[in-house]
Amino acid sequence: MDFQWDAAQQEFRTTVRTFLEQHLPADWESLAHGPGSETQSTFSKRFCAQLAQAGLLVPHWPSRWGGRDADAWTAFILAEEMWAVGEPRGGQYMNVNWIGPTLMRFGTDEQQATYIPPMAGGQTIWCQGFSEPEAGSDLASLRTRAERDGAAYRINGQKIWTSYAGHADTCFLLARTAPGKTGMSIFLVPMDTPGITVRQIPSIIGEGDIHEVFFDDVRVPAGALLGAEGQAWEIARNALSLERVGIPRFALAACSLRRAVSALQRAGRLGQGAMEQSARALAACEAARLYSYHIVDQRQHGAPTGPEASAARYATVMAERLAGDFVVEHCPDALAGSDPLLLAHHQRAIVAGIASGAAEIQLNLIASELLRLPREPR
Amino acid sequence: MDFTLSSDQSALMSALDRLAAPFEQKPTDFHGFALAGPRLEQELENGEYFGIARIPELGALTAAMAVERLAWLPYSVEIALSMLVHPQLGDEWQRPLALVENGRPGRFLATARTALVVDGDHIGLARVAAGEVVPVDSIFAYPMGRFSRTPQVTACSATDAAKLRKWLRIALAAEISGLLHAAIASTVEHLSLRKQFGRQLGTFQALRHRMAECAVLAGGVRWLTLKAAATAEDGDAALAALHAQDSATRIVYDLHQMLGAMGMTLEHPLHLWTYRVKALLSELGGRSGQAQAAARYCFAGA
């Protein structure tokens, strides 16, 4: 067991930090607010293209798809550094973390050739069409239907809370092709397909972040189906397991905490109570970091990701809450215009236990699979 | 960064599992607070386990894992200080060790040969002679003692005191980590067996979520502890001790709540872990003291 980074890992981290110093514009922090906004979406395409040119967008992908077969640690170091500065990749982090790898595993040759190169070039934004008004944590209740119509599917239904939908090129859509849990399928749907309507939902978490997406007789070719009909559960579980620890939220939380403490120190306002509170939040951030490292280490060794991923996710939720609360209590001016990065962190932190699956679902998984408590009756 | 155990670490932990096996259960006729384990201590001594940290292939990280593993046992044996703090002392200071803080009763003082005497920011060392200590009755699940007269203390330099305090924090965190693990496991067993309203208690979501949160907190304590033992950084040690005392405060409350009246009895073993944890909550300044130290170390350059 070794908690030290090796020389190559340290060098890679330095490379990423140097890139960020050289390529993030002076006004980046004001852009970090509203990761789904038009400004940030436009910026992310420019920035991700630069990352791709430098070999820093998808280093962990196979060389066949524009990567260099780097390991799981490389991918995570990259993600940590990106999140620590407010995630300048915007919604494209999803492409890098799980949409690309999911298409590599389940996609046809044509789907891979169509969708993966733009992702590897940093030129495309995706959205994830999972949640519906009647199907949030209970995804099996989803109602959006995809009916076979000759050589096509006709899709009808509604998605909600869809991040980045306003500027997404493609939707990773979950729809029902038959009744029951085994009747769900995944479709890759271009967002400019006739019949799709996107409506932004004004929210606390920033401009352009969440949307309603309506599908009215949307016709997509049969080739839009990812995998087989009814394979959605397997694909979604795979994707969610990549997503669950794919976002090192603790990195931005710890960074925000340091920034807030520094501001208080400079102002001579870091009293004993605040000092102790900041340490508690930092301990939670570092605990979440090590939990996540444990999962990355499992991936690195080819071990299946178990319920520890849920524990890592929940530890991150706890850390986000403590760091966010610290800023609200001791640096409220940050939420009133004085520090856009702390505001951006706050907006991301408040959804930490909601996005990518409710934290309570993780607690259930931990209770059943980690603690081995008897399951609830259904 | 690699969390796989080395072959030496795996072999050591397997050997500890075998050694610990006869001591996993509380004797059914024991209904007291501190369950002494002289035979366990002798076996650890015979196997030279107290010197794990001094073996280059194993080191302090493995010693912390051993402390944590042995804290799963219901027996109270002076292991953590010997394995993690004693290597920092000169050869003239012999184990077992005891920690006496600000004149309060100390754990293991009655059987210790060396006492670490903490007085505010100062730490000194004292040889413990027979007749200088009186046992103290308490509800803590450690044997407690008090000096019957003021001991002869050799003061440590500020540098040595800081180093000792760091390793005391790591030892504290490692022991709490193991105790929490065992207490949670014991509570899970109860929730899996006990039925109310026609169902096992563990099927009720209100309890499941609280237990899951306890498990996440305890797991965080473990990771922070192992990292602190590996890096030997002051900030890591303070964060580990802080998270340990902070999390333990909440977890111990929840576990006793889950066991209801059964957890109040001396028949059930829960107190053998939780009332060791409670004795550790006040050490080294308690969580407030750890938090201030962690903030000083970790935000120095913020």
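Residues numbered from 1 in each chain as written. Chains lettered and ligands numbered in written order. Predicted model: local features only at pLDDT ≥ 70, side-chain atom pairs only at ≥ 80, totals over all residues.

Attention now goes to the overall build of chain A. The helix and strand inventory of chain A stands at 12 helices and eight strands. Taken over the C-alpha trace, chain A has a radius of gyration of 21 Å; the compact-globule value for 378 residues is 21 Å, and the two agree within 12%. Relative to its full complement of 378 residues, chain A shows a buried share of 52%. Residue pairs in contact within chain A that sit at least 24 positions apart in sequence constitute 74% of those at least 6 positions apart. (Helix = DSSP H or I, 4+ residues; strand = E, 2+ residues; numbered from the N terminus. Rg over C-alpha atoms; globule rule 2.2 N^0.38 Å. Buried ≥ 20, exposed ≤ 12 C-beta atoms within 10 Å, placed from the backbone. Contact = placed C-beta atoms within 7 Å.)

Here we come to the overall build of chain B. Counting its regular elements, chain B contains nine helices and nine strands. Taken against the 2.2 N^0.38 rule, which gives 19 Å for 302 residues, the C-alpha radius of gyration of chain B at 19 Å falls within 12% of a compact globule. The principal-axis extents of the C-alpha atoms in chain B amount to approximately 60 × 50 × 40 Å. Of all 302 residues assigned to chain B, the portion counted as buried reaches 50%. Within chain B, contacts between residues at least 6 apart in sequence are counted, and of these 67% link residues at least 24 apart.

By convention, interface size is frequently given as the accessible area that disappears when the constituent parts associate. With 43 residues of chain A at the interface, the matching set in chain B holds 41 residues. The set of elements that each furnish at least two residues to the side of chain A that touches chain B consists of α8 (249-266), α9 (272-300), α10 (308-330) and α12 (359-370) of chain A. A total of 15 residues in the side of chain A that touches chain B trace back to one element, the largest contributor, which is α9(A). A breakdown of the residues in the side of chain A that touches chain B according to their chemical character gives 24 nonpolar, nine polar and 10 charged. (Nonpolar A, V, L, I, M, F, W, Y, C, P; charged D, E, K, R; others polar.)

With that settled, consider the packing of α9(A) against helix α6 (residues 205-231) of chain B. Direction vectors running N to C along α9(A) and α6(B) enclose 85°, while the axes themselves pass 9 Å from each other. Comparing the axis directions of α9(A) and α6(B) gives the class roughly perpendicular. Between α9(A) and α6(B), the residues in contact are Ala283(A), Glu286(A), Ala287(A), Leu290(A), Tyr291(A) and His294(A) and Gly219(B), Gly220(B), Trp223(B), Leu224(B) and Lys227(B), respectively. Residue classes in the contact of α9(A) with α6(B) are distributed as six nonpolar, three polar and two charged. (Axes fitted to C-alpha atoms, helices over the stretch in contact; angles between N-to-C directions. Parallel < 35°, antiparallel > 145°, perpendicular 65-115°, else oblique.)

Moving on, we come to the pairing of strand β3 (residues 152-160) of chain A. Residue and element names in this part refer to chain A. Relative to β3, strand β2 (residues 145-149) runs antiparallel, the two sharing five bridges. Considered in β3, the bridge of arginine 145 is made with asparagine 156. Once β2 ends, the chain turns through two residues before running back antiparallel as β3, passing glycine 150 with a positive phi of about 65°. Of the strand pairs in this sheet, β3 and strand β7 (residues 210-221) are connected by eight bridges, and their pairing is antiparallel. Looking at β7, one finds that isoleucine 160 is bridged to glutamate 212. (Pairing = 2+ DSSP bridges.)

Before going further, it helps to spend a moment on the environment of Leu226(B). All names here are of chain B. By secondary structure assignment, the location of leucine 226 is in helix α6. Its 26 C-beta neighbours within 10 Å are what place leucine 226 among the buried residues. Sequence separation between leucine 226 and alanine 240 is 14 residues, and the spatial gap between their C-alpha atoms is 8.6 Å. Discounting residues that sit within four places of it in the chain, leucine 226 has contacts with Leu61, Ala64 and Met65.

This part is about α12(A). Over its 12 residues, α12(A) runs 15 Å from end to end, which matches the ideal 16 Å to within 8%, given 1.5 Å per residue. Taken together, the buried positions of α12(A) are Ala359(A), Gln362(A), Leu363(A), Asn364(A), Ile366(A) and Ala367(A). Here the buried face of α12(A) lies against α10 of chain A together with α6 of chain B. (Expected span 1.5 Å × (residues − 1).)

Residue and element names in this part refer to chain B. Direction vectors running N to C along helix α5 (residues 158-193) and helix α8 (residues 270-280) enclose 150°, while the axes themselves pass 9 Å from each other. For the element pair α5 / α8, the angle class is roughly antiparallel. Seen from above, α5 lies across α8 with left-handed handedness. Listed contacts from α8 to Leu172, Glu175, Ile176, Leu179, Leu180, Ala182, Ala183, Ser186 and Thr187 of α5 are Leu270, Trp273, Thr274, Arg276, Val277 and Leu280. (Left-handed = near helix turned anticlockwise from the far one by under 90°.)

Counting residues in each nonpolar core, the largest one holds 224 residues, and the members touching the most others are Phe187(A), Val67(B) and Leu84(B). Broken down by element, this core gets its largest block of residues, 15 residues, from α5(B). Not counting chain neighbours up to four residues away, the residues in contact with Leu84(B) comprise Ala53(B), Ala60(B), Ala63(B), Ala64(B), Val67(B), Trp167(B), Ile170(B), Ala171(B) and Ala174(B). (Core = buried A, V, L, I, M, F, W, Y, C linked by C-beta atoms within 7 Å.)

With that settled, the discussion passes to the domain arrangement of chain A. Residues and elements named next belong to chain A. Entries for chain A in the domain assignment read domain 1 (7-124), domain 2 (127-231) and domain 3 (245-370). Taking only C-alpha atoms, the centre of domain 1 and the centre of domain 3 are 22 Å apart. Of the residues lining the interface, 15 residues belong to domain 1; the matching set on domain 3 comes to 14 residues. Those elements that place two or more of their residues in the side of domain 1 that touches domain 3 are α2 (28-32), α4 (72-84) and α5 (92-106). With seven residues, the top contributor of residues to the side of domain 1 that touches domain 3 is α4. Taken together, the residues that form the side of domain 1 that touches domain 3 break down as eight nonpolar, four polar and three charged. (Domains from an automatic or database assignment.)

Next up on the list: α9(A). Residues and elements named next belong to chain A. With 29 residues, α9 extends 41 Å from end C-alpha to end C-alpha; this agrees with the ideal 42 Å at 1.5 Å per step. Within α9, 21 of the 29 residues are buried, which leaves it mostly tucked inside the rest of the structure. Two residues or fewer past α9, glycine 302 is found with a positive phi of approximately 75°.

Residue placement: Leu373(A) occurs in the segment after α12. Residue class for Leu373(A) comes out buried when judged on the 25 C-beta atoms lying within 10 Å of it. Excluding residues within four positions of it along the chain, Leu373(A) makes contact with Ala367(A), Ser368(A), Val188(B), Leu191(B), Ser192(B), Gly202(B), Arg208(B) and Met211(B).

Right, let's get into unusual backbone geometry. Backbone phi values are negative for most residues with the exception of glycine, while trans is the configuration of most peptide bonds. Residue and element names in this part refer to chain B. In this structure, the amide linkage connecting arginine 95 to the following residue, proline 96, adopts the cis form with an omega of -5°. The phi angle at alanine 232 is positive, at roughly 55°, despite the residue not being glycine. Within the secondary structure, alanine 232 is located in the loop between α6 and α7 (234-259).

The next point concerns the environment of Gly357(A). All names here are of chain A. Here glycine 357 lies in the loop between α11 (340-349) and α12. Of the residues examined, glycine 357 has 20 C-beta atoms within 10 Å and is grouped as buried. Separated by 117 residues in sequence, glycine 357 and leucine 240 place their C-alpha atoms 8.5 Å apart. Those residues in contact with glycine 357 that lie beyond four places of it in its chain are Ser137, Leu240 and Gln362.

Glancing now at the confidence of the model for chain A. Parts of the prediction with low pLDDT should not have their coordinates interpreted in detail. Per-residue confidence for chain A gives a mean pLDDT of 93, with 99% of residues at or over 70. At the level of individual helices and strands, chain A shows its lowest average pLDDT in helix α7 (residues 232-244) of chain A, which scores 81, and its highest in strand β8 (residues 225-226) of chain A, which scores 98. (pLDDT = per-residue confidence, 0-100.)

Moving on to the confidence of the model for chain B. A residue-level look at chain B finds 99% of positions with pLDDT of 70 or above and a mean pLDDT of 96. Reported confidences for the modelled complex are a pTM of 0.95 and an ipTM of 0.96.

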